[in-house]
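So you can see what is in the structure, the chains are spelled out below.
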Amino acid sequence: MIRFSSCRKAFAHNVRASALLFRGTTGLAALLLASCSWVPRSSPTQKQVHQYTKSSANTTALHYRLFPVTPEIADILASQVRPLISTLDKSNLRVSLNDHIGAGDILGITIFELGNGLFSSSDRSVSGTSSNGESVIGAAPRISSQNLPPTQVEGDGTIMVPYVGRMNVLGKTPSQVAMIIQNHLKDKSQDPQVMVRIQNDIGNTVIVSGEILRPGRVVLSLANEHLSDVIAIAGGAKYPPKDSQVELVRQGKIGATDLATLEDHPEEDIRADPGDRIRVIYQPRTFTAFGAVGQTQQRNEVQFGTANLSLAGAIARIGGPADNRADGNAVYLIRYEDAEICRRLGVPIKEGEHSAPVIYEIDMLNPTQYFLAQKIPMKDHDAILIADAATDAIYKIDMLIGTFMGQAATIGLYGVR
């Protein structure tokens, strides 16, 4: 009887302790539910983002603007994409221009004449006479040759040739210029023959600059060098291809890609043209993602890994919104926009500034937004914020209550000492 009485007292004591712990847990749960702001979060909710955007704290500080993504907004942002380099090449079947004469070229002109001619000279003749000047029986006719002084093409594309006068050679090949000179000398000399060559080629060059080993002029040949060939001739890029951006300026238009794309996609590795300007830029482009992202890290710095990365591609790279924490209606692209885009969006720019902060809101639960996100290009140093779901706090509280209830059950089973 004594032993049974002791067990009954211990059981009653444990029940009272469990009840007290349960009431304490319930009270704590009610307190947390009353103020969800006490629950730790990885990012703000959609409501909090909108509230701060409209608050005086924003208008007196950065004064950023928030835009829901619409087809019109997507079109404006899509216009920021530089054209692919391949779009600057009108036709890969065009005739090569690498042997055409340009302004600044130095030409070497040699004139051959039969007998005594305009440019003949005894010390330059091809032997058809004896050493004393008498004809040799059966010998070939006397042929003389004369190398004119190096002739530079003027800025207007003309050169001066004796007994021919000033002539325009811009855009012509050496053989075409030789034929023109020869035709002008036919009435003045006996059977003239002319050879023209480019001694110092300025017109058929491209300028290569930036992060390469030997920047400067690269002379193009009839081998029709491609962009990657020109960069290789200049010593190659200093940094890995995926981090080396190639910018091509051709006839006032600009195209850009990375060196890895030129190497892996021949259709983008177009032929270089005389007058091209190629700049290689070290640019390991990245964007930052934080909030309720699908990956385990709360903050990620992610490399583009491609020449052109869309917003949809960037969201996919970070695993998209986390299923149990994220608000798929509230995915934000955060960036500084330049003056032209701000003007089209109606965003004012502070005096002395060249850009303004802008946030774009994407609803990933709306299928049409996926198509718009594919049109929006990412920029270097962009940020993506995935907002916490409003119910995330309740989910965390539920986990907290479950932990306390588990402890209460354990204490009730084994007793309190």
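Residues numbered from 1 in each chain as written. Predicted model: local features only at pLDDT ≥ 70, side-chain atom pairs only at ≥ 80, totals over all residues. Heavy atoms only, no water.

Engineer: I'd like a description of the overall build of the protein chain, backed by residues and values.
Structural biologist: For the protein chain, the helix and strand inventory stands at 11 helices and 18 strands. Burial statistics for the protein chain: of 417 residues in total, 40% are counted as buried. At a minimum sequence separation of 6, the contacts of the protein chain that also span at least 24 residues come to 69%. As displayed, the protein chain offers around 23,200 Å² of accessible surface, 57% of which is attributable to carbon and sulfur atoms. (Helix = DSSP H or I, 4+ residues; strand = E, 2+ residues; numbered from the N terminus. Buried < 20%, exposed > 50% of the residue type's maximum accessible area, 1.4 Å probe, protein only. Contact = heavy atoms within 4.5 Å. Areas by Shrake-Rupley, 256 points an atom, 1.4 Å probe, with all protein chains shown as cover.)

Engineer: Explain the confidence of the model for the protein chain to me, and be specific about the residues and the numbers.
Structural biologist: Per-chain confidence: the protein chain averages 81 in pLDDT, with 76% of residues scoring 70 or above. Low pLDDT (under 50) marks residues 31-36, which in the prediction has seven contacts with non-local residues, meaning those over four places away or in another chain. The low-confidence segment residues 127-137 (pLDDT under 50) makes 11 contacts with residues lying over four places distant or belonging to another chain. (pLDDT = per-residue confidence, 0-100.)

Engineer: So, the packing of aromatic side chains: which residues are in play, and what are the values?
Structural biologist: Using the criterion set out here, one finds three aromatic pairs in the structure. Ring geometry for Tyr239 against Tyr282: centres 3.9 Å apart, planes inclined by 25°, an arrangement best described as stacked. A residue pair is termed long-range when its members are at least 10 positions apart, and Tyr239 in the loop between helix H6 (227-233) and strand E11 (244-250) and Tyr282 in strand E13 (residues 277-282) qualify at 43 residues. The class of Tyr239 is partly exposed, set by a relative accessible area of 33%. (Phe/Tyr/Trp six-rings, centres within 6.5 Å; stacked < 30°, edge-to-face > 60°.)

Engineer: I'd like a description of the environment of Glu225, backed by residues and values.
Structural biologist: Looking at the secondary structure, you find Glu225 in the loop between strand E10 (216-219) and H6. You can call Glu225 buried: its relative accessible area is 11%. Through-space distance from the C-alpha of Glu225 to that of Asp273 is 8.7 Å; in sequence the pair is 48 residues apart. Setting aside residues up to four positions removed in sequence, Glu225 forms contacts with Asn98, Leu220, Val230, Ile233, Arg271 and Ala272.

Engineer: How would you explain the sheet that holds E11 if you had to name every residue and give the values?
Structural biologist: Where strands meet in a sheet, backbone hydrogen bonds hold them as pairs that are either parallel or antiparallel. Taking strand neighbours across the sheet as the criterion, the five strands line up as E10-E9-E13-E11-E12 in an open arrangement whose pairing is mixed. The two strands at the open ends of the sheet, each matched to only one other strand, are E10 and strand E12 (253-258). Adjacent strand axes in the sheet meet at a mean angle of 25° when their direction is disregarded. With four bridges joining them, strand E9 (residues 205-210) and E13 adopt parallel strand pairing. Bridge assignment links Gly210 to a residue of E13, and that residue is Val280. (Pairing = 2+ DSSP bridges. Axes fitted to C-alpha atoms, helices over the stretch in contact; angles between N-to-C directions.)

Engineer: A description of the pattern of salt bridges should follow, citing residues and the corresponding values.
Structural biologist: Overall, the coordinates contain 11 salt bridges when judged by the stated rule. Arg335 is the partner of Asp382 in a salt bridge, and the nearest nitrogen-oxygen pair spans 2.7 Å. One end of the pair, Asp382, is in the loop between helix H10 (367-375) and strand E18 (383-388); the other, Arg335, is in strand E16 (residues 326-338), and 47 residues separate them in sequence. In this pair, the class of Asp382 matches that of Arg335, namely buried. When the shortest N-O distance is used, the salt bridge between Glu337 and Lys379 registers 3.0 Å. (Salt bridge = Lys/Arg side-chain N within 4 Å of Asp/Glu carboxyl O.)

Engineer: Explain helix H4 (residues 71-78) to me, and be specific about the residues and the numbers.
Structural biologist: For H4, the complete set of buried residues consists of Ile73, Ala74, Ile76 and Leu77. All buried residues of H4 lie within an arc of 160° about the axis, which places them on one face of the element. In this fold, the buried residues of H4 make contact with strand E1 (65-68), E16, helix H9 (339-345), strand E17 (355-362) and H10. (Arc of directions from axis to C-beta.)

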